[in-house]
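One-letter residues, chain by chain:
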Amino acid sequence: MSSEEKSKILETKRNNYRHGDKTYHAARTKRYRVKLKMDVIKAYGGCCSCCEEDHPDFLTVDHVKNDGNVHRRTLKGTQNLYRMLRDAGYPKDDYTVLCFNCNIARSLFGTCPHQRT
Ligand SMILES: [Zn+2]
Ligand SMILES: [Zn+2]
């Protein structure tokens, strides 16, 4: 393959990459989402407020007054919740970071087993 051919292929690849390559856009959206989530979680202390789990993949932001589901539904998804919180300057009164274990336990039983000793 001549070097001219090679550079032509490279150019085509680059164009695909720039124009509507779905995996590229998906990756970018994912990066944005992860960053948004990380920012929010960091702003709320960076770990589960119940068991101090601090792996970001386990963490989610929860509505303190336990009506998180209702709230989330009206906001059409967690992404919007994160964005709303960021835009509102991370209001601390109503929201807290919980891991999924503590979050589910609370929404199912009202309290987390961690607090029932
Ligand atoms: Zn927890
Ligand atoms: Zn817990």
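One can find the structure itself at the top, above this paragraph.
Residues numbered from 1 in each chain as written. Chains lettered and ligands numbered in written order. Predicted model: local features only at pLDDT ≥ 70, side-chain atom pairs only at ≥ 80, totals over all residues. Heavy atoms only, no water.

Caption draft 1: Expanded view of the packing of aromatic side chains. Tallied over the full model, the rule gives 1 aromatic pair. With a centroid separation of 6.0 Å and an interplanar angle of 90°, the aromatic rings of Tyr 44 and Tyr 90 are classed as edge-to-face. Placement of the pair is Tyr 44 in the loop between α2 (22–43) and β1 (59–63) and Tyr 90 in the loop between α4 (78–87) and β2 (95–99), with a sequence separation of 46 residues. A relative accessible area of 10% places Tyr 44 in the buried class. Lying over the aromatic face of Tyr 44, Lys 92 brings its terminal NZ or CZ to 5.2 Å of the ring centre. (Phe/Tyr/Trp six-rings, centres within 6.5 Å; stacked < 30°, edge-to-face > 60°. Helix = DSSP H or I, 4+ residues; strand = E, 2+ residues; numbered from the N terminus. Buried < 20%, exposed > 50% of the residue type's maximum accessible area, 1.4 Å probe, protein only. Lys NZ or Arg CZ within 6 Å of the ring centre and 35° of its normal.)

Caption draft 2: Structural view of the coordination of the zinc ion (ligand 2). At the metal site, the zinc ion (ligand 2) is ligated by Cys 50 (SG), Cys 102 (SG), Cys 112 (SG) and His 114 (ND1), and these contacts range over 1.9 to 2.3 Å. Classification of the site at the zinc ion (ligand 2) rests on its 4 donor atoms, whose angles at the metal span 98 to 120°, yielding the label tetrahedral. When the donors of the zinc ion (ligand 2) are listed by position in the chain, the intervening gaps give C-x51-C-x9-C-x1-H. Separating the zinc ion (ligand 2) from the zinc ion (ligand 1) is a gap of 4.1 Å, which Cys 102 spans by donating to each of them. Taken together, the residues span a long stretch of sequence, with Cys 50 in the loop between α2 and β1 and His 114 in the segment after α5 (100–109) at a distance of 64 residues. Assessed through its relative accessible area of 18%, Cys 50 is described here as buried. (Donors = N, O, S within 2.8 Å, 3.2 Å for Na, K, Ca; no water. Tetrahedral: all angles 85-135°; square planar, octahedral: opposite > 155°, others 65-115°.)

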